[in-house]
Amino acid sequence: MSAGVLHGRALARRFEANPATREPIWMKRLILAIALTFFVLFLFLPLVAVFSEALRKGWLVYLAALVESDALASIQLTILVAVIAVPLNLVFGVIAAWAIAKFDFRGKRLLTTLIDLPFSVSPVVAGLIFLLLFGAQGWFGTWLFEHDIKIVFAVPGIVLATVFVTFPFVARELIPLMEAQGRDEEEAATVLGASGFQTFRRVTLPSIQWGLLYGVILCNARAMGEFGAVSVVSGHIRGATNTMPLHVEILYNEYNFAAAFAVASLLALLALVTLALKTFIEWRAGRVETVDD
Amino acid sequence: MTAATVAILTSPPSLPRIARRVLPGFGLTLGLTLVYLSLVVLIPLSAVFIKAGSLPLGELWNIVSAPRVVASYRLTFGASLLAAAINTVFGFMLAWSLVRYNFPGKRLVDALVDLPFALPTAVAGIALAALYAGNGWIGSLLAPLGLKVAFTPLGVLVALVFIGIPFVVRTVQPVLEELEIELEEAAASLGAQRGQTFRRVLLPLLLPALMTGFALAFARAVGEYGSVIFIAGNIPMVSEITPLIIITKLEQYDFQGATAVAGVMLVFSFAMLLVINLLQAWSAKRTGRGR
């Protein structure tokens, strides 16, 4: 997490006041104009387009698209998947960050790289690997079929694919934070007789809580929005294995644009809430930092 | 790969370190981490290589070098490189504006830079398709110029630019924030023009971060699926990206073909991961920042 906007305004003022670090006014205006045009074309307008398209046929059509039974089923499934995947990766992230940040061992860098691995794998490949394991022709396919267990083209497959793609979020947020924090305070607590869990809860947790929250909301946004990986393992069964992004795709391909954008607008709202929380957390963390200084 | 990794990771560290280890839970947390990592990531990923490796070499080669697949590599890698280059230039300007200038709405711009991380790719895809279609807000402005974006390779480029924006901005921004102001003051007091200072002093310092941002955006773009397929048109040999080839093969129950192409993409991902790690190490060294 960078110090962000809080230091930003003061920092920019310093740059703008100093003749050695400021550009001629025409140059500054040109850079700003180009940068902001780029911003509007590629970031702002797509966001506005989602809401504008969703409301194009009016509020009634918009609301009807959201309360329709397949849409409701997709919202439920999306929440269910996030409720399973996010806590799993939260617990893993804390455990992995503790091992990596608080101890020295050989292969630490390799382990950190491996944890980041799912970020570099194409979502489509992420879905494919679970087909190879649990699909009808997969390693465990025959066994699963004999025992009448469905993983692929069912909810467990969607959860697995989501867990895979959201795997690094919490860990990668916590590792640098806990490394920067050092070990002295925890070691003191342990020497004074605190158990490992007490040390974590009373000493470590208070200082990483904002980073932890940050990792969780990013993890959640991705879990609810994942498309490629889930699309491969879901089977697109309406009302049963369709998450919200998949429902958007189906509606869109049926040329039911108003409904597609209506469901998409919920996901866009989720993204906006995520970004607002992120900005708030950075502001809080920045304030704590300044107080500490 | 898994067995070797576990062997490296669990080999005992040097003795003095054990003596200094005060905190509890090392064995437990590392053990759990390795088990979870293996179950969720490493074993599933190894399935691709084992499955692809079980194909005869000639057949494997035929699949991954079929004309339609090669055309998809050309589009995917070409558009990703171009998108990453565009992001490097404009992302740099955006990062520069956010760090060095104050302007109305700066907070909003700063927050929305991360939109491509937070907005589901399918939503981004349909929004971009609506904007750049012939009757869309931007598409209708480009149509009189004879420029078609949606449902052409240009559409692929637009989607890849969108998803790559935060990588460059967020890599360059913190480095820009921590640059020492004295460097520029020294250059100016020695008589350097602003342009000279930028080229000779700032750019060399920012180069590793710019290249890291470029590599991150490129790596992400190559694997991207959701935001592209809605705007690409998906015409074989023309606007069909490699991840879509995998999906198409899966829909035809051609698991071997899908796995072979996925293997190519995975090998590329690993190579990019290595490059990015090296670039980040270089960047940290150049700017004197720790990890």
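Caption draft 1: Representation of the overall build of chain B. From N to C terminus, chain B includes 15 helices and 0 strands. Principal axes of the C-alpha set define a box for chain B whose edges measure 75 × 65 × 30 Å. A total of 291 residues make up chain B; the buried ones form 56% of that total. Just so you have it, chain B exposes about 12,300 Å², and 69% of that area is on carbon and sulfur atoms. Charged side chains of chain B number 20 positive and 13 negative; the gap between the two group centres comes to 5 Å.

Caption draft 2: Quick look at the overall build of chain A. A tally of regular secondary structure across chain A gives 14 helices and 0 strands. The secondary structure elements of chain A, listed N-terminal to C-terminal, are α-α-α-α-α-α-α-α-α-α-α-α-α-α. Taken over the C-alpha atoms alone, chain A extends approximately 60 × 60 × 30 Å along its principal axes. Residues classed as buried in chain A amount to 54% of the 293 residues present. A fraction of 71% describes how many contacts in chain A between residues 6 or more apart in sequence connect residues 24 or more apart. Total accessible area on chain A is roughly 12,800 Å²; 65% of this is exposed by carbon and sulfur atoms.

Caption draft 3: The arrangement of unusual backbone geometry in detail. Residues and elements named next belong to chain B. Here the phi dihedral of Asn234 falls at roughly 55°; this positive angle occurs in a residue that is not glycine. Relative to the elements of secondary structure, Asn234 occurs in the loop between helix H13 (226-232) and helix H14 (242-251). Looking at Asn234, the relative accessible area reads 25%, which means it is partly exposed. Of note in the backbone geometry, Tyr253 takes a positive phi value of approximately 60° without being a glycine. Along the chain, Tyr253 turns up in the loop between H14 and helix H15 (255-287).

Caption draft 4: A look at the pattern of salt bridges. According to the stated counting rule, one finds 17 salt bridges over all chains in the structure shown. Here Asp110 of chain B ties to Arg170 of chain B by a salt bridge, and the two come within 3.0 Å at their closest N and O atoms. Here Arg170 of chain B lies in helix H10 (residues 153-178) and Asp110 of chain B lies in helix H6 (residues 106-112), a separation of 60 residues in the sequence. Note on Asp110 of chain B: relative accessible area 8%, which makes it buried. Within this structure, Lys278 and Glu282 of chain A together with Asp110, Asp114 and Arg170 of chain B form a network of salt bridges that share partners.

Caption draft 5: Region of the structure containing helix H6 (residues 123-134) of chain A. Residues and elements named next belong to chain A. With 12 residues, H6 should cover 16 Å at 1.5 Å per step; its first-to-last C-alpha distance of 17 Å lies within 8% of that length. Counted residue by residue, H6 has 12 buried out of 12 residues, so it is predominantly covered. Turning to H6, its buried residues are Pro123, Val124, Val125, Ala126, Gly127, Leu128, Ile129, Phe130, Leu131, Leu132, Leu133 and Phe134.

Caption draft 6: A look at the interface of chain A and chain B. Each side of the interface is counted separately: chain A has 101 residues, and chain B has 103 residues. Carbon and sulfur atoms make up 76% of the area that chain A and chain B hide from each other, which totals about 9,700 Å². Summed over the shared surface of chain A and chain B, the result is 2 salt bridges. In this structure, the connection of chain A to chain B is made through 13 residue pairs in polar contact (both at pLDDT 80 or more). No other element matches helix H2 (residues 25-54) of chain A, which puts 20 residues into the side of chain A that touches chain B. Among the residues making up the side of chain A that touches chain B, the classes are represented as 66 nonpolar, 19 polar and 16 charged.

Caption draft 7: Quick look at the nonpolar core. Ranked by internal contacts, the top residues of the largest apolar core, which has 198 residues, are Ile115 and Phe164 of chain A together with Val41, Leu115, Tyr132, Leu176 and Ile246 of chain B. Residues contacting Tyr132 of chain B, with those up to four places away along its chain left out, are Leu41 and Phe42 of chain A together with Ile138, Gly139, Leu142, Val149, Ala150, Val158 and Ile231 of chain B.

Caption draft 8: Quick peek at the environment of Leu128 of chain A. Among the structural elements, Leu128 of chain A can be located in helix H6. Note on Leu128 of chain A: relative accessible area 0%, which makes it buried. For the pair Leu128 of chain A and Ser231 of chain A, spaced 103 residues apart in the sequence, the C-alpha separation amounts to 9.9 Å. The residues contacting Leu128 of chain A, other than those within four sequence positions of it, are Val232 of chain A together with Leu250, Ala258, Thr259 and Ala262 of chain B.

Caption draft 9: Main features of the confidence of the model for chain B. Residue and element names in this part refer to chain B. On average, residues of chain B score 88 in pLDDT, and 91% of them reach the 70 mark or higher. Across residues 11-19, confidence stays below pLDDT 50; counting only partners more than four residues off in sequence or on other chains, it has 7 contacts. Scored by ipTM, the complex comes to 0.89, with pTM at 0.89.

Caption draft 10: Here's a closer look at the side chain of Glu226 of chain A. Relative to the helices and strands, Glu226 of chain A is located in the loop between helix H11 (196-225) and helix H12 (228-234). At 3.3 Å, the side chain of Glu226 of chain A forms a polar contact with the backbone nitrogen of Gly228 of chain A.

Caption draft 11: Representation of a nonpolar patch on the surface. On the surface, Trp139 and Phe140 of chain A together with Val35, Leu39, Ile43 and Ile50 of chain B cluster together to form a nonpolar patch covering roughly 570 Å² of accessible area. Relative to the assigned elements, Ile43 of chain B resides in helix H3 (residues 26-53).

Caption draft 12: Spatial organisation of helix H8 (residues 155-166) of chain A. Under the 1.5 Å per step criterion, the end-to-end length of H8 of chain A is 16 Å for 12 residues, consistent within 8% with the ideal 16 Å. Buried residues dominate H8 of chain A, accounting for 9 of its 12 residues.

Caption draft 13: Structural detail: the packing of aromatic side chains. One pass over the structure, following the stated rule, counts 29 aromatic pairs over all chains. Between the aromatic rings of Phe105 of chain A and Phe26 of chain B, the centroid separation amounts to 5.5 Å while the plane-to-plane angle is 50°, which identifies the pairing as tilted. Of this pair, Phe105 of chain A sits in the loop between helix H4 (69-102) and helix H5 (108-120) while Phe26 of chain B sits in helix H3, each in a different chain. Ring centres of Phe214 of chain B and Phe218 of chain B lie 6.4 Å apart, and the angle between their planes is 15°; on these two criteria the pair is classed as stacked. Of this pair, Phe214 of chain B and Phe218 of chain B both sit in helix H12 (residues 194-223), 4 residues apart, roughly one helical turn.

Caption draft 14: Structural detail: the side chain of Asn18 of chain A. Residue placement: Asn18 of chain A occurs in the loop between helix H1 (5-17) and H2. In this structure the side chain of Asn18 of chain A is engaged in a polar contact, spanning 2.6 Å, whose partner is the side chain of Glu185 of chain B. Among residues more than four places away in sequence, those in contact with Asn18 of chain A are Ile181 and Glu185 of chain B.

Conventions used here
- Residues numbered from 1 in each chain as written.
- Chains lettered and ligands numbered in written order.
- Predicted model: local features only at pLDDT ≥ 70, side-chain atom pairs only at ≥ 80, totals over all residues.
- Heavy atoms only, no water.
- Helix = DSSP H or I, 4+ residues; strand = E, 2+ residues; numbered from the N terminus.
- Buried < 20%, exposed > 50% of the residue type's maximum accessible area, 1.4 Å probe, protein only.
- Areas by Shrake-Rupley, 256 points an atom, 1.4 Å probe, with all protein chains shown as cover.
- Lys, Arg positive; Asp, Glu negative; His and termini not counted.
- Charge placed at Lys NZ, Arg CZ, Asp CG, Glu CD.
- Contact = heavy atoms within 4.5 Å.
- Salt bridge = Lys/Arg side-chain N within 4 Å of Asp/Glu carboxyl O.
- Expected span 1.5 Å × (residues − 1).
- Buried area = accessible area lost by both parts, 1.4 Å probe.
- Polar contact = N/O pair within 3.5 Å; in protein donor to acceptor, adjacent residues only side chain to side chain.
- Nonpolar A, V, L, I, M, F, W, Y, C, P; charged D, E, K, R; others polar.
- Core = buried A, V, L, I, M, F, W, Y, C linked by side-chain atoms within 4.5 Å.
- pLDDT = per-residue confidence, 0-100.
- Patch = residues over 30% accessible without salt bridge, like charges linked within 9 Å, V, L, I, M, F, W, Y side chains within 5 Å.
- Phe/Tyr/Trp six-rings, centres within 6.5 Å; stacked < 30°, edge-to-face > 60°.

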